[in-house]
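Residues per chain are reported as follows:
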Amino acid sequence: MIERIEQLRTQAEGEISRADSSEALEELRVRHLGRRAELPQMLREVAGLAVKERAAVGQAANAARQALETMIQARVAQLAGEELEASLRADRVDVTLPGAPPQTIGRLHVLTATRRELEDIFLGLGFTVMEGPEVETVHYNFDALNHSPTHPARARTDTFYVEGPPGGSDLVLRTHTSPMQVRAMEAHPPPLYVVIPGRVYRPDSDATHTPQFHQIEGLAVDEDITLADLKGTLLEFARAVFGDERDVRLRPHFFPFTEPSVEVDVSCFHCDGKGFLRDGARCYLCKGEGWLEVLGAGEVDPNVYSHVPTTERNAPGYDPEKIQGFAWGLGVERIAMLKHGIPDLRLYYENDLRFLEQF
Amino acid sequence: MRVPLPWLREYCDPDLDVGGIEERLTMTGTKVEAIHRHGVASTEHFVVGRVLEAGPHPDADRLKVCMVDVGEDDPATIVCGAPNVAGGQTVAVARPGAVMPDGTKLKHAKLRGVVSEGMILAENELEIGSGGEGIMVLDGLLPDSGPRRAGAVPRPGTSLADVLPIAMDVVELEITPNRPDCLGVYGVARELHAATGADLAQAPWSEDVGSQGPVAEASVTVECPDLCPRFTARVFENVTIGPSPTWLKARLSAAGMRTINNVVDITNYAMLLTGQPLHAFDLDRVAGARLTVRRAKEGEQVQTLDGQARTLDGEMVVIDDAEGPTSIAGLMGGARSEVEPDTTRVLLEVATWSGPNIHRSSWALGLRSEASGRFEKGLQPEQCMHAQAIATRLMIELCGADVAPGTIDVGWEAPPAQAIRLREGRVRAILGVAVSVQRQAEILRALDFATEPVKDGLEVSVPALRRDDVTREIDLIEEVARIDGLESLPATLPARRGAAGRLTHAQRVRRAAEDAMVGRGLHEIVGWSFTEPALLDRLRLPAEDAMRRVVALENPLSEGQSIMRPTLLGSLLDAARHNVSRNGPDIAIFESGTVYRASHEGPLADEHHALAVLLSGSLAPRSWRVRPGQADFFAAKALLDALLDRFHLDWSVEPTSWPFLHPGRSAAVLSGGETLGFLGELHPLVAGAWDLERTAAFAIDLGKVAALASPLLAFGAFGPFPALRQDLAVTLPVSVAAGEVLERVRATAGETLDDVSVFDVYTGAQVGEGRRSLALALSFRALDRTLTDEDIAPVRERIVAALGEIGGELRG
């Protein structure tokens, strides 16, 4: 009987392995393991066998049945998997069609993106971001910044005046973010580390001037802030914006509210400060100078401190013999222009989507 | 300012090439903006020639065929069109191969059949002088190729560059407004001296051949000494007007001045050297031989040299002679007393004018000149005599003039030099790097300051020409730093002492709001703060509307930029129109920026930071799969949801009319008892004014949003149990707002209601006239268990009853 069991098992295994559909497997299961099939029949008849034979035949028949059941199950699973794969392979899409529904991409204006980038750099250097009024008094815009009463910048050709009561207005559109220097010092005692981003206005309009533009003022006042500290701070800024290899240099210049005053140049990132390109051509960006002028700065002129009254808010106040510091004003448009190669200032305010989409 | 380098080197000649000089000047505060090559780029092929013979051209009456000795074995044949060419002249010749200043390369050229082997040159062809006198004849003009050079008539074949200034480097300098002393060549030479250590020649005005004292031939009265601190004049007689020598013409041309005649050229030369403008009158044309300096009368008309009639105001200054105005002080002379070819007596005016006054007058009249540009920077009265000294010497040398004794000198008394203490420690404290006292003294002395060592540093005396600029210790520190210090400055960071950078809550809210819109696919625009008053009409704002309380400019660039925008809507509409016409009809943009109103209370304007969105056309590009929605009220509202819910604001809308919005599709946005802004579709007449189709927008005050948004968000507990979701369809009169329905549901449902929203709206015959069906999605949740339908049944009944009170009926 044992031989018969082995024979049945071998025969069934052959058939199962050759079956190629779940229907065929079901038919084989019924044929070999169903109620009327020979193997289960033999199992049922085991009780009638001699005790000696009973154990051996029972074990063999049971093992054969379990083996066949496992094999059928495995084969069913295998075939189901293959059938699923086949049906999935048939269910093809054109993967090159565009995604749907379309997700539109919005972007910050390059001036906002640049301003935020610069704010973040100075935040990292310990500066707080402050803002102030754009319609400003003559006092904060000029007087408190050491502009003489006859300074040409006050002229109506250089400054927008706001219509006021008859007899003249003392309100202007601020011509720089610098009026916030004195406002910030009035509001806070030293040490003071602030940057002031904002919109400023001057009556000029051509390819290199727009009547409105954006600046970021920096102001640091403490007991011992030197011109060398200004250089270090702006070196960090230059490297963050234009790359780790950049260098800065300070050139003497003149502004009414800083002394000493400097213009700050960053080594040209296009030609690596060499002034010419690899092919020997003159660098178009720095015009062969190797340096790009990026901002004006200096040590705060002592006369500016004298315009800061000491009050409860800013006590002990700003005594120029006890405190000193630096200030700078940089143009956001200029930085973005340099960084992205934008050729014309007017593009910023035209808001053509083909421009806005680029940044 | 353009400074010819050979002229500069006459006073200070460091052992540096032009690039080295550029670098030193730039790094010490006199920025070289450009280096120009004046004249020829290469001196090759330019030689001295002698005309052996000038014969007629066979085929052209105006041309002459010249045989010219150019130092070679055979003379060259050169065709020349100048009427003054003649045999025996020593001339300047360009041979084939020469490159002219305009870049033309000379070749053998056939002129009316005769081959010309070069060109005999006129002054203007070499950029020496203005030309007009035919070819240059070198015999008569030599030996003055430079004011100090002498030499014999040169031999043919001599390189032309050896005898004529045909090639000059010119540096173009940016002179900062605090340094009017550098508006002359000698002032720049002093800077170069301090910057390089090279010797500085004695000031060219240190020897004056003129004399002081009264002048018999003319008189001057100054009626407004506040605007004219000093007026000097000298009289010259037996003046011969003629062309200037070549060296003078060459220098003036290189400096960018036109050459006119010897007297005018001398005034310009003296100005370029000293920085001080001069004016030459023909004394015989000065009526009464007296001048009066006075304020102009309001509306007074003066005819200026250029033939124009100028209308003056009471703050401008004129110079009268006995017959009335002859010139506008500091700006332009009058035609009546101009130097003419027949002039023989010259009155040379050198005066100091109030800088700000000249600045104002020159802008008001639109009259700018080399002179006004210098006066407006504020010159020192001492400079008058510098210019007189230079001009006097040249008038005698070049015009054969006799200087009359004396100098008219009105209204000046030199104040004593100011003394300032410069503390050694202070220099280091400001710069962050030490400069030795010896070096400080050396720098200051090179810049014409006098120094005296004292215990803690230097006692410094300020030179006259720097008295306006240098008045304090800090100014001296700048002088030291710019010459020595800045370049060796270390890069350090401030000590900071606990200062930490951060954004304010309002700044973070602003960034988050902008990012929310960008994340929803909108592009940010940056518009003009300026707008035009007509905008207010196009927005249909009535006369009393608060938005008409605008900030207006006194001096706008144009009517279109004459007021400050009271809303962001204008710039969004402008950007939309621009893009519709260029890039198609679909617009989804926003702006985050300041808007302005005139203030009744504070000293300044009312400014607030607003964010506004504008949508027009399709909300998304066309797709092969889904039809995109169109911009309308609800599309804009969905964006407003996205924005305000970002800050967990409790807000609502209320139907409200705005003049520029569709009256049936507009609302006020409310939160915390305040109006944040508006939401709606634009009135078709407004959209049409910008050539737009259906357009929706909202604008809100981000300052108010920031004030309402909590900077601190507290955690709310939630449990592990799923929500029970049920739908409820109810018909209601159309007059009942969905917001009211939702409000009632929330009010009656109690705390198990997690969320309720409208997911369908239906009107039609099935629900009856004047009614509509709202389908509500309800979700209930408890912290401690899974809710069942039985739990919710009573809540549902309460909701149905509450909706029944406002006419609601459950739909089957």
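The residue numbers shown here count from 1 along each chain, following its written sequence. Ligands are numbered from 1 and chains lettered from A, in the order in which they are written. Residues qualify for local features only when their pLDDT is at least 70, as the model is predicted, and side-chain atom pairs are given and counted only at 80 or more; totals for whole chains, interfaces and linings, by contrast, use all residues. For side-chain calculations, the full set of non-hydrogen atoms in the structure is used, while hydrogens and water are omitted.

Turning next to the overall build of chain B. A helix here means a DSSP run of H or I that spans at least four residues, while a strand means a run of E at least two residues long, and both kinds are numbered starting from the N terminus. Tallying secondary structure elements over chain B gives 20 helices and 38 strands in all. What the globule rule says is 2.2 Å times the number of residues to the power 0.38, and the radius of gyration is computed from C-alpha atoms. A compact globule built from 812 residues should have a C-alpha radius of gyration of about 28 Å, whereas chain B, at 41 Å, is more than 25% larger. The principal-axis extents of the C-alpha atoms in chain B amount to approximately 125 × 80 × 60 Å. For the exposure calls, accessible area comes from a 1.4 Å probe over protein chains only, and a residue counts as buried if that area is under 20% of its type's maximum, exposed if over 50%, partly exposed in between. Buried residues in chain B amount to 52% of all 812 residues. By definition in these notes, contact holds between two residues if any of their heavy atoms fall within 4.5 Å. Considering only intrachain contacts with a sequence separation of at least 6, the fraction spanning at least 24 residues in chain B is 68%. Per-residue accessibility takes into account occlusion by the displayed protein chains alone, with areas from the Shrake-Rupley method and a 1.4 Å probe. For chain B, the computed accessible surface area is about 35,300 Å², with 50% contributed by carbon and sulfur atoms.

Opposite the 86 residues of chain B that make contact, chain A presents 97 residues. By buried area we mean how much accessible surface two parts lose on assembly, using a 1.4 Å probe and totalling the loss over both. Approximately 7,900 Å² of surface area, both sides summed, lies buried where chain B meets chain A, with 56% of it carried by carbon and sulfur atoms. When the buried surface of chain B facing chain A is broken down by residue, His 523, Val 526 and Glu 554 of chain B rank first, second and third, together holding 9% of it. Whenever a carboxyl oxygen of Asp or Glu lies within 4 Å of a side-chain nitrogen of Lys or Arg, that contact is scored as a salt bridge. Measuring nitrogen to oxygen at the nearest pair gives 2.5 Å for the salt bridge that ties Arg 472 of chain B to Asp 301 of chain A. Here a polar contact means two N or O atoms within 3.5 Å. Within protein one must be a hydrogen donor candidate and the other an acceptor candidate, and residues neighboring in sequence count only if both atoms are side-chain atoms. Counting the contacts that link chain B with chain A gives 49 residue pairs in polar contact (both at pLDDT 80 or more).

What follows is about helix H7 (residues 355-365) of chain B. Side chains three or four residues apart in an α-helix point the same way, a direct result of the helix having 3.6 residues per turn. All buried positions along H7 of chain B are accounted for by Gly 355, Asn 357, Ile 358, His 359, Ser 361, Ser 362 and Leu 365 of chain B. Buried-residue contacts for H7 of chain B involve strand S16 (309-311), strand S17 (317-321), strand S18 (324-328) and helix H8 (370-375) of chain B.

Moving on, we get to unusual backbone geometry. All names here are of chain A. The residue after Ala 100, namely Pro 101, is reached through a cis peptide bond having omega -10°. With respect to the helices and strands, Pro 101 occurs in the loop between helix H4 (51-90) and helix H5 (110-124). Between Glu 259 and Pro 260 the backbone carries a cis peptide bond, its omega angle lying at -5°. Looking at where Pro 260 falls in the secondary structure, it is placed in strand S7 (residues 258-267). Not every positive phi belongs to a glycine, and Asn 146 is a case in point at roughly 65°. For Asn 146, a relative accessible area of 24% puts it in the partly exposed group.

The subject of this paragraph is helix H7 (residues 179-187) of chain A. Residues and elements named next belong to chain A. The element H7 is extensively covered by neighbouring structure, given that seven of its nine residues are classed as buried. All of the buried residues in H7 are Pro 179, Met 180, Gln 181, Val 182, Ala 184, Met 185 and Glu 186. On its buried face, H7 sits against strand S2 (135-137), helix H6 (138-141), strand S4 (192-201), strand S5 (212-222), helix H9 (302-305) and strand S9 (324-331).

All names here are of chain A. One pass over the full model with this rule turns up 78 salt bridges over all chains. A salt bridge links Glu 13 to Arg 9; the shortest N-O distance between them is 3.1 Å. Taken together, the positions of Glu 13 and Arg 9, both in helix H1 (residues 2-18) and four residues apart, correspond to about one turn of that helix. Of the charged contacts in the structure, one is a salt bridge between Arg 115 and Glu 119, with a shortest N-O distance of 2.9 Å.

Before going further, it helps to examine the domain arrangement of chain A. For the domains described, the bounds stem from an automatic or database domain assignment. For chain A, the assigned domains are domain 1 (2-90) and domain 2 (110-356). Once you take the C-alpha centre of each, domain 1 of chain A and domain 2 of chain A turn out to be 88 Å apart.

The next subject is the pairing of strand S4 (residues 60-69) of chain B. Residue and element names in this part refer to chain B. Two strands form a pair only when DSSP identifies at least two bridges running between them. Pairing of strand S3 (residues 46-57) with S4 involves seven bridges; the strand directions are antiparallel. If you follow Gly 55 over to S4, its bridge partner there is Val 65. In textbook terms, the turn of a hairpin is the stretch between consecutive antiparallel strands, and for S3 and S4 this stretch comprises two residues. Bridge count for S4 against strand S5 (residues 76-80) is five bridges, and the pairing is antiparallel.

Before going further, it helps to spend a moment on the sheet that holds strand S24 (residues 450-454) of chain B. Residues and elements named next belong to chain B. As summarised here, the arrangement of the three strands in space is S23-S25-S24, forming an open sheet in which the pairing is antiparallel. Edge strands, defined here as strands with exactly one partner in the open sheet, are strand S23 (419-423) and S24. Direction aside, neighbouring strands of the sheet carry axes that sit 25° apart on average. For S24 and strand S25 (residues 457-461), the ladder comprises five bridges, and the chain directions are antiparallel. What sits directly across from Val 454, in S25, is Gly 457. Every axis corresponds to a line fitted to the C-alpha atoms, with the helix fit spanning only the stretch in contact, and the corresponding angles, defined between N-to-C directions, vary from 0 to 180 degrees. On top of the sheet, helix H10 (residues 424-431) reaches S23 and S25; it is set at about 65° to S23, its chief contact.

Right, let's get into the pairing of strand S35 (residues 724-733) of chain B. Residues and elements named next belong to chain B. Alignment of S35 against strand S37 (residues 771-780), held across 10 bridges, turns out to be antiparallel. From the neighbouring strand, Leu 728 faces S37, where its bridge partner is Leu 776. Across two bridges, the pairing between S35 and strand S38 (residues 809-810) is antiparallel. Considered in S38, the bridge of Val 730 is made with Leu 810.

The next thing to look at is the packing of H5 of chain A against helix H8 (residues 227-242) of chain A. All names here are of chain A. Relative to each other, H5 and H8 sit at 135°, their axes nearing to 10 Å. Put simply, H5 runs oblique to H8. At the point where H5 passes H8, the crossing takes the right-handed sense. Touching Glu 117, Leu 118, Ile 121 and Phe 122 of H5 are Phe 237, Ala 240 and Val 241, all from H8. Each residue gets one of three labels, nonpolar for Ala, Val, Leu, Ile, Met, Phe, Trp, Tyr, Cys and Pro, charged for Asp, Glu, Lys and Arg, and polar for the others, Gly among them. Grouping the amino acids of the contact of H5 with H8 by side-chain chemistry returns six nonpolar, no polar and one charged. Throughout this description, any angle smaller than 35 degrees is read as roughly parallel, any larger than 145 degrees as roughly antiparallel, any in the 65 to 115 degree range as roughly perpendicular, and the remainder as oblique. If you view the pair so one helix is near and one far, a crossing is left-handed when the near helix is turned anticlockwise from the far one by less than a right angle, and right-handed when it is turned clockwise.

This part takes up the side chain of Ser 21 of chain A. Residues and elements named next belong to chain A. Within the secondary structure, Ser 21 sits in the loop between H1 and helix H2 (22-33). There is a polar contact of 3.3 Å between the side chain of Ser 21 and the side chain of Glu 23. Among the polar contacts listed, one links the side chain of Ser 21 to the backbone nitrogen of Ala 24, at a separation of 3.1 Å. Setting aside residues no more than four positions away along its own chain, Ser 21 makes contact with Leu 79 and Glu 83.

All names here are of chain B. The rule is short: rings of Phe, Tyr and Trp, with Trp giving its six-membered ring, pair when the centres are within 6.5 Å, and they are stacked under 30 degrees, edge-to-face over 60, tilted in between. Taken as a whole and assessed by the stated rule, the structure comprises 25 aromatic pairs over all chains. Ring plane angle 15° and centroid distance 4.6 Å describe the contact between Trp 7 and Tyr 269, whose orientation is recorded as stacked. Of this pair, Trp 7 sits in helix H1 (residues 5-11) while Tyr 269 sits in helix H6 (residues 262-274), and the two are 262 residues apart along the sequence. In terms of burial, Trp 7 and Tyr 269 fall into one category: buried.

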